[in-house]
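Residue-level structure breakdown
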Amino acid sequence: SQELEQSPQSLIVQEGKNLTINCTSSKTLYGLYWYKQKYGEGLIFLMMLQKGGEEKSHEKITAKLDEKKQQSSLHITASQPSHAGIYLCGADIELNSNSGYALNFGKGTSLLVTP
Amino acid sequence: GAGVSQSPSNKVTEKGKDVELRCDPISGHTALYWYRQRLGQGLEFLIYFQGNSAPDKSGLPSDRFSAERTGESVSTLTIQRTQQEDSAVYLCASSLGFRIPKETQYFGPGTRLLVL
């Protein structure tokens, strides 16, 4: 099975600072998803990466997938308190039946942004 | 509604009781997923529904867990004879269900289950 390792497990940064979260897979990634989880709000979809070397940005968040498609990073520029939460990376896992796919997730990175 | 909804938001039950959790997917989404998130653990896939096909139950941890879905709408996850290790956040997600990877799943807010 595919293992997703996230680092760091937790992060405390001062408002305005940049930060990076990493997600490493034991196998080639064919679809890599970044979600953010806040208490009471479930998982919020951030970005999906497919191709080696792909990079996507949304507001102050940039995600990249390396050329070998085994590692992804999420970078936040000039962090704000609103960025606080748990960031999860997920990858497609093929199910045996129905030709379907579910997601396998890392354990998450907990981010706290202090004033 | 605009997103996936789940009920109840929180559930406290006694060991040995049965519980039923509900999920309303996004309208038009044929695929529906249940996941479990235990404290300090990542999300674990439980079960997958696609249209009217038989569900993929490969992630269910024991036969105390079952789920149903009415057509392409509401789903219920039932846990019988609950145990303390069942305490977790149960998350439901839905997607358009084109049976291809790289398709975004949209998650509900979850049901927080505590078994005393």
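This text gives an overview of the structure that appears in the document. In this text, all values refer to a predicted model and were calculated from it rather than measured experimentally. (Residues numbered from 1 in each chain as written. Chains lettered and ligands numbered in written order. Predicted model: local features only at pLDDT ≥ 70, side-chain atom pairs only at ≥ 80, totals over all residues. Heavy atoms only, no water.)

**Examining the overall build of chain B**
Broken down by element type, chain B carries zero helices and 10 strands. Counting from the amino terminus, chain B carries its helices and strands in the arrangement β-β-β-β-β-β-β-β-β-β. The C-alpha atoms of chain B give 13 Å as radius of gyration, which agrees with the globular expectation for 116 residues (13 Å, within 12%). Once the C-alpha set of chain B is aligned to its principal axes, its extents read approximately 40 × 25 × 25 Å. Long-range contacts, defined here as pairs at least 24 residues apart, represent 55% of the contacts in chain B between residues at least 6 apart. Within the structure as shown, chain B displays about 5,400 Å² of accessible surface, and the carbon and sulfur contribution to it stands at 48%. One way to put it: in chain B the 13 positive side-chain charges average out to a point 2 Å from where the 12 negative ones average out. (Helix = DSSP H or I, 4+ residues; strand = E, 2+ residues; numbered from the N terminus. Rg over C-alpha atoms; globule rule 2.2 N^0.38 Å. Contact = heavy atoms within 4.5 Å. Areas by Shrake-Rupley, 256 points an atom, 1.4 Å probe, with all protein chains shown as cover. Lys, Arg positive; Asp, Glu negative; His and termini not counted. Charge placed at Lys NZ, Arg CZ, Asp CG, Glu CD.)

**Brief notes about the nonpolar core**
Residues Leu 32, Trp 34, Leu 74, Tyr 87 and Leu 111 of chain A are the most contacted members of the largest nonpolar core, which totals 21 residues. At the level of secondary structure, the elements contributing two or more residues to this core comprise β3 (19-25), β4 (32-38), β5 (42-49), β7 (61-65), β8 (71-76), β9 (85-94) and β11 (109-114) of chain A. Judged by nonpolar contacts, the second largest core, of 20 residues, contains Cys 23, Ile 26, Phe 65 and Val 115 of chain B. (Core = buried A, V, L, I, M, F, W, Y, C linked by side-chain atoms within 4.5 Å. Buried < 20%, exposed > 50% of the residue type's maximum accessible area, 1.4 Å probe, protein only.)

**Remarks on the environment of Lys 15 of chain B**
All names here are of chain B. Take Lys 15: it is sitting in the loop between β2 (10-13) and β3 (19-24). A sequence separation of 65 residues divides Lys 15 from Gln 80, and the C-alpha atoms of the two residues are 9.8 Å apart. With residues near it in sequence (within four places) discarded, Lys 15 still touches Thr 82, Gln 83, Val 115 and Leu 116.

**Brief notes about the pairing of β7 of chain A**
All names here are of chain A. With respect to burial, β7 is a largely interior element, four of its five residues being buried. Taken together, the four bridges between strand β6 (residues 55-58) and β7 define a ladder with antiparallel strand orientation. For His 58, the partnering residue across the bridge sits in β7 and is Ile 61. Both β7 and β8 contribute to a ladder of five bridges, which runs antiparallel. Paired with Thr 62 across the two strands is His 75, which belongs to β8. Two successive antiparallel strands, β7 and β8, enclose a turn made up of five residues, where Lys 69 displays a positive phi of approximately 55 degrees. (Pairing = 2+ DSSP bridges.)

**What about the sheet that holds β3 of chain A?**
All names here are of chain A. On the basis of which strands lie adjacent, the open sheet formed by five strands has the order β1-β3-β8-β7-β6 and antiparallel pairing. Of all strands in the sheet, those with a lone pairing partner are β1 (4-7) and β6, marking the two edges. Averaged over all neighbouring strand pairs, the angle between strand axes comes to 15 degrees, with direction disregarded. With four bridges connecting them, β1 and β3 associate as antiparallel partners. Note on β3: the bridge partner recorded for Leu 4 is Ser 25. (Axes fitted to C-alpha atoms, helices over the stretch in contact; angles between N-to-C directions.)

**Considering the pairing of strand β10 (residues 101-105) of chain A**
All names here are of chain A. Taken across its five residues, β10 has five buried, putting it largely inside the fold. Neither face of β10 is open: one carries Tyr 101, Leu 103 and Phe 105, the other Ala 102 and Asn 104, and all of them are buried. As paired elements, β9 and β10 share five bridges and run antiparallel to each other. Opposite Ile 93, over in β10, you have Ala 102 as the bridge partner.

**What about unusual backbone geometry?**
The omega torsion of the bond from Ser 7 of chain A to Pro 8 of chain A falls at -10 degrees, within 30 degrees of zero and hence cis. With respect to the helices and strands, the residue Pro 8 of chain A is situated in the loop between β1 and β2 (10-14). Of note, Ala 78 of chain A is a non-glycine position whose phi angle comes to about 50 degrees, a positive value. Taking the relative accessible area as the measure of exposure, Ala 78 of chain A reaches 22% and is therefore partly exposed. Positioned with a positive phi, Arg 81 of chain B is a non-glycine residue whose angle comes to about 45 degrees. Note on Arg 81 of chain B: relative accessible area 43%, which makes it partly exposed.

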